[in-house]
Amino acid sequence: MTPPWRATILTLFPEMFPGPLGVSLAGKALASGLWELEARDIRNSATDKHRSVDDTPAGGGPGMVLRPDILAAAIDAANVAPDRPRLLMSPRGRPLTQARVAELATGPGPLIVCGRFEGIDQRVIDARSLEEVSIGDYVLSGGEIAAMALVDACVRLLPGVMGKEASGAEESFSEGLLEYPQYTRPQAFEGRTIPEILTSGDHAKVAAWRRAESEALTRARRPDLWGLRAQQKPPKDTTKG
Ligand code: ADE
């Protein structure tokens, strides 16, 4: 039997895990063995009596830099199979997409290095072929929350985690569209009613309405996604009658 999907986290704050990954959907799946989480303390690879892991930046400047020898030792000690992706959460990484999440969820599961301080010595990024991944154009105080976001996005895609309710949000996002608005009872809320089409029972009309709403939202809020779609769509075939 193949072992379950596994996330190996290298961090200076292992006590942050599982944190939010230990509750709700991901937490239940973790408890039932559908995936595994290992949080390893980078500091355990320190060699001096103060267990220091960082030093001042070469060339000067503020903050501290994680030492390459310590982090390399921590990565090597994790002893992960060579087919597992090695990620480094970093605001200068390639932005995470649903497509990359789906790839990561399909594989054996990543090793994830969580950055702290001003940065990580470039030589260990190169020497251990770390793939830098960002979760957005803003700066967190460390990579841990970013790693949790990535792991959560992967775990919900694992077989058996979501059950049959494969959500519309998922489907619309992988198509490059934002999700259409949802409604439920009561029929009237503070004077606002549910769009009539949704209670008409006409499934084709409902589907067309949702599609149009998704497209309008995407165009208005995410011109970047909308532009990508236009590029990817094959040109209309005008040769057929
Ligand atoms: N570490 C700090 N900020 C980050 C971000 N935006 N994405 C990934 N890792 C980070």
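Residues numbered from 1 in each chain as written. Predicted model: local features only at pLDDT ≥ 70, side-chain atom pairs only at ≥ 80, totals over all residues. Heavy atoms only, no water.

Domains assigned within the protein are domain 1 (5-155) and domain 2 (171-232). On a C-alpha basis, the centroid separation for the pair domain 1 and domain 2 is 36 Å. (Domains from an automatic or database assignment.)

Before going further, it helps to examine the pairing of strand E5 (residues 86-95). As judged from the 4 bridges shared by E5 and strand E6 (residues 111-114), these two strands associate in the parallel manner. Paired with Arg 86 across the bridge in E6 is Leu 111. Remark: the E5/helix H3 (residues 98-106)/E6 crossover connection has right-handed handedness. One ladder, built from 5 bridges, connects E5 with strand E8 (residues 131-134); its direction is parallel. What sits directly across from Pro 95, in E8, is Ser 134. (Pairing = 2+ DSSP bridges. Helix = DSSP H or I, 4+ residues; strand = E, 2+ residues; numbered from the N terminus. Right-handed = clockwise from strand over helix to strand, strands pointing away.)

To continue, consider the packing of aromatic side chains. Within this structure, the stated rule accounts for 1 aromatic pair. When the centroid spacing of 6.3 Å and the interplanar angle of 55° are considered together, the rings of Trp 5 and Trp 35 count as tilted. Separated by 30 residues along the polypeptide, Trp 5 in strand E1 (residues 5-11) and Trp 35 in strand E2 (residues 35-41) bring together distant segments of the chain. This pair shows no difference in class: Trp 5 is buried, exactly as Trp 35 is. (Phe/Tyr/Trp six-rings, centres within 6.5 Å; stacked < 30°, edge-to-face > 60°. Buried < 20%, exposed > 50% of the residue type's maximum accessible area, 1.4 Å probe, protein only.)

Now for the site of the ligand. Around the ligand lies a shell formed by Met 89, Ser 90, Pro 91, Val 133, Ser 134, Ile 135, Gly 136, Tyr 138, Val 139, Leu 140, Gly 142 and Ala 146. Note that a nitrogen atom of the ligand is positioned 2.8 Å from one of the backbone N or O atoms of Tyr 138. Contact with the protein chains covers 97% of the free accessible surface of the ligand, which is 260 Å². For the shell around the ligand, the elements supplying multiple residues, two or more each, are E5 and E8. By residue number, the principal contributor to the shell around the ligand is E5, which donates 3 residues. (Near = heavy atom within 4 Å. Polar contact = N/O pair within 3.5 Å; in protein donor to acceptor, adjacent residues only side chain to side chain. Areas by Shrake-Rupley, 256 points an atom, 1.4 Å probe, with all protein chains shown as cover.)

In this section: the packing of helix H7 (residues 203-221) against helix H8 (residues 223-232). The description of two packed helices rests on the angle between their axes and on the distance between the axes. Close contact between H7 and H8 brings their axes to 5 Å; oriented N to C, the two are set at 115°. On H8, the residues that touch Arg 211, Glu 215, Thr 218, Arg 219, Ala 220 and Arg 221 of H7 are Pro 223, Leu 225, Trp 226 and Arg 229. Per-class residue counts for the contact of H7 with H8 are 4 nonpolar, 1 polar and 5 charged. (Axes fitted to C-alpha atoms, helices over the stretch in contact; angles between N-to-C directions. Contact = heavy atoms within 4.5 Å. Nonpolar A, V, L, I, M, F, W, Y, C, P; charged D, E, K, R; others polar.)

Moving on, we come to the sheet that holds strand E7 (residues 119-120). Taken together, the 3 strands give an open sheet; going across it, the order is E3-E4-E7, and neighbouring strands pair in mixed fashion. Of all strands in the sheet, those bounded by a partner on one side alone are strand E3 (54-55) and E7.

We now examine the pattern of salt bridges. It is possible for side chains bearing opposite charge to pair when their charged atoms get close. For the coordinates displayed, the defined rule picks out 12 salt bridges. In this structure, Arg 211 and Glu 175 form a salt bridge, with 3.0 Å as the shortest nitrogen-oxygen distance. With Arg 211 in helix H7 and Glu 175 in the loop between helix H6 (168-174) and strand E9 (188-189), this pair connects stretches of sequence that are 36 residues apart. Given the relative accessible area of 42%, Glu 175 is considered partly exposed. Among the ionic pairs, Arg 211 bridges to Glu 215, the shortest N-O distance being 3.2 Å. Of the two residues, Arg 211 and Glu 215 are both situated in helix H7; the distance of 4 residues between them amounts to about one turn of the helix. By sharing partners, the salt bridges in this structure join Arg 6, Glu 36, Glu 38 and Arg 40 into a single network. (Salt bridge = Lys/Arg side-chain N within 4 Å of Asp/Glu carboxyl O.)

Quick look at the sheet that holds E5 now. The parallel open sheet is built from 5 strands, whose spatial order is E2-E1-E6-E5-E8. Only two strands of the sheet have a single partner each, and these edge strands are E2 and E8. Neighbour-to-neighbour, the strand axes of this sheet turn through a mean angle of 35°, independent of strand direction. As paired elements, E1 and E2 share 7 bridges and run parallel to each other.

This part takes up a nonpolar patch on the surface. A cluster of nonpolar side chains, Tyr 138, Leu 140 and Ile 145, forms an exposed patch at the surface whose accessible area comes to about 280 Å². Mapped onto the elements, Ile 145 comes out in helix H5 (residues 144-155). (Patch = residues over 30% accessible without salt bridge, like charges linked within 9 Å, V, L, I, M, F, W, Y side chains within 5 Å.)

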